[in-house]
Amino acid sequence: MIGIESKRIFYLLLFILVTVSCAVRKPGSRVEAADGAEQTPRFAVPGGSPPHPREISARVRIELPRYRVRGICGVHWSGDGFLQVDFDHSSLFGALRREATILIGGGSIEIRDDSRGEVVRDEEALAMLGDQLGIEVCADDIVYLLLLLPLPLGEEGPVEVERRGDEVAVRGLWRGRAVEIAGPPGLPPRRLRVISAGGIGYETRYGYPKGAPDAYPERIVFERTGGGGRISLTIESSGVGRE
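Since the structure is predicted, the reported quantities are computational estimates derived from the model, not experimental observations.

Participant: Give me the lowdown on the overall build of the chain, citing residues and values where you can.
Facilitator: Looking only at helices and strands, the chain features three helices and 14 strands. When each of the 243 residues of the chain is scored for burial, the buried share is 48%. When contacts within the chain are restricted to residue pairs at least 6 apart in sequence, those whose partners lie at least 24 apart make up 52%.

Participant: Got a sec to walk through the nonpolar core? Specific residues and values, please.
Facilitator: Of all hydrophobic cores here, the largest spans 44 residues; its most connected members are Cys73, Leu83, Leu146, Leu151, Val179 and Leu233. With sequence-adjacent residues up to four places away left out, leucine 83 is seen in contact with Val75, His76, Trp77, Ile102, Leu103, Ile104, Ile142, Val143 and Leu148.

Participant: Residues and numbers for the pairing of strand 11 (residues 191–195), please.
Facilitator: Counting buried residues in strand 11 gives four out of five residues, a clear majority hidden from the surface. The sheet contact formed by strand 10 (residues 177–183) and strand 11 spans five bridges and is antiparallel. Paired with valine 179 across the bridge in strand 11 is valine 194.

Participant: Explain the pattern of salt bridges to me, using residue names and the numbers behind them.
Facilitator: Enumeration according to the criterion identifies 12 salt bridges in this entry. The shortest N-O distance in the salt bridge between arginine 191 and glutamate 167 comes to 3.3 Å. Residue arginine 191 is located in strand 11, and its partner glutamate 167 is located in strand 9 (residues 167–174); the two are separated by 24 residues in the primary sequence. For glutamate 223, the salt bridge identified is with arginine 205, shortest N-O distance 2.9 Å. Of the two residues, glutamate 223 is situated in strand 13 (residues 219–224) and arginine 205 in strand 12 (residues 201–207); the sequence distance between them amounts to 18 residues. A relative accessible area of 23% places glutamate 223 in the partly exposed class. Here the salt bridges share partners, and the residues they tie into one network are Glu160, Glu162, Arg171, Glu180, Arg193, Glu203, Arg205, Glu223 and Arg230.

Participant: I'd like a description of the packing of aromatic side chains, backed by residues and values.
Facilitator: Under the defined criterion, the tally for this structure stands at one aromatic pair. Both rings, one in tyrosine 144 and one in tryptophan 174, keep their centres 5.4 Å apart while their planes meet at 75°; by these two values the pair is edge-to-face. With tyrosine 144 in helix 3 (residues 141–145) and tryptophan 174 in strand 9, this residue pair connects regions lying 30 residues apart in the sequence.

Participant: Residues and numbers for the environment of arginine 163, please.
Facilitator: With respect to the secondary-structure elements, arginine 163 resides in strand 8 (residues 159–164). Separated by 19 residues in sequence, arginine 163 and alanine 182 have C-alpha atoms that sit 9.6 Å apart.

Participant: Go over the side chain of glutamate 167, please, and point to the residues and values.
Facilitator: For glutamate 167, a relative accessible area of 15% translates into the label buried. Among the polar contacts listed, one links the side chain of glutamate 167 to the side chain of arginine 190, at a separation of 2.6 Å.

Participant: Describe the confidence of the model for the chain, and please don't skip the residues or the numbers.
Facilitator: Looking at the chain as a whole, the pLDDT averages 75, with 65% of positions reaching at least 70. Counting contacts from residues 20–31, a segment whose pLDDT is below 50, to residues more than four positions away or on other chains yields 48 contacts. Taken together, the stretch residues 92–96 has pLDDT below 50 and engages in 10 contacts with residues farther than four places along the chain or on a different chain.

Participant: Tell me what's going on with the environment of proline 209, and back it up with residues and numbers.
Facilitator: Tracing the sequence through the fold places proline 209 in the loop between strand 12 and strand 13. Residue proline 209 is classed as partly exposed on the basis of its relative accessible area, which comes to 25%. For the pair proline 209 and arginine 219, spaced 10 residues apart in sequence, the C-alpha to C-alpha distance is 8.7 Å. Setting aside its immediate chain neighbours within four residues, proline 209 contacts Ala215, Tyr216 and Glu218.

Participant: Mind laying out the side chain of glutamate 203, listing which residues take part and the relevant values?
Facilitator: Take glutamate 203: it is sitting in strand 12. For glutamate 203, the side chain forms a polar contact with the side chain of arginine 193, separated by 2.3 Å. Here the side chain of glutamate 203 touches arginine 205 through a polar contact of 3.0 Å, side chain to side chain.

The rules behind these values
Going along each chain's sequence as written, the residues are numbered from 1 onward. Residue-level local features of this predicted model are given only where pLDDT is at least 70; pairs of side-chain atoms are given and counted only at 80 or more, and the full residue set underlies all totals for whole chains, interfaces and linings. Side-chain metrics rest on all non-hydrogen atoms present in the structure, leaving aside hydrogens and water. Helix numbering and strand numbering both begin at the N terminus, where a helix is a DSSP run of H or I of at least 4 residues and a strand a DSSP run of E of at least 2. The buried label goes to any residue with under 20% of its type's maximum accessible area, the exposed label to any with over 50%, and the partly exposed label to all in between, with areas taken from a 1.4 Å probe on protein chains only. Any two residues having at least one pair of non-hydrogen atoms within 4.5 Å are treated as being in contact. Among buried residues, the Ala, Val, Leu, Ile, Met, Phe, Trp, Tyr and Cys ones that are joined through side-chain atoms within 4.5 Å form a nonpolar core. Two strands form a pair only when DSSP identifies at least two bridges running between them. By salt bridge we mean one thing: a side-chain nitrogen of Lys or Arg within 4 Å of a carboxyl oxygen of Asp or Glu. Note on aromatic contacts: the rings of Phe and Tyr and the six-membered ring of Trp form a pair at centre separations within 6.5 Å, being stacked when their planes are under 30 degrees apart, edge-to-face when over 60 apart, and tilted otherwise. Counting of polar contacts relies on pairs of N or O atoms within 3.5 Å, with two restrictions inside protein: one atom must be capable of donating a hydrogen and the other of accepting it, and residues adjacent in sequence are counted only when both atoms are side-chain atoms. The pLDDT value expresses, per residue, how confident the predictor is, ranging between 0 and 100.

Put into structure tokens, the structure is as follows:
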């Protein structure tokens, strides 16, 4: 059986894998400087400009060195800063099922073990994440990595733009971390990479429905560069939620 500490680690690792990535430059492409937010190529939010409430249902598969887990999750985005993620999961090697909820909003994070009535909040959750990553982690990072709000590159200083075919890669700082967002400008991004001060790297990749590059992704993959951790979300439904 998975105890509460193991379950805390499970959800913290889940949050880690949707919080950080690693930036890489491709050779032979053209790089230029942009002078800030106004000159930075923009990537769209799937389904139109925010704020819009959104409801998402997805199948989840988590593969970590020690164990593998699969299940389903429901994402409830208020459109104005509040995110709730509900999980129902089971081990790939057993029939164990647990329910849990992650609540994010106003700079806070709360992880609830609904089956046990246990809660991990704010400082404790972020301190555990910080110990794992060696960097400062913000509670609402997952909002941006799920493409619910546009990542505000260019607001913390100069950015670098690399143009390659019909894609651009925009690099800059986000909350003190080096970030790269890539894809066709004006559409939602195809990948997002972040590198921490400690050099820990992950990549988030987005796959869109055929013929609908501006829709919400049908697949999202968070993967540690060099192996060691992978989370795959297969989106079963996504739509505008209730106000």
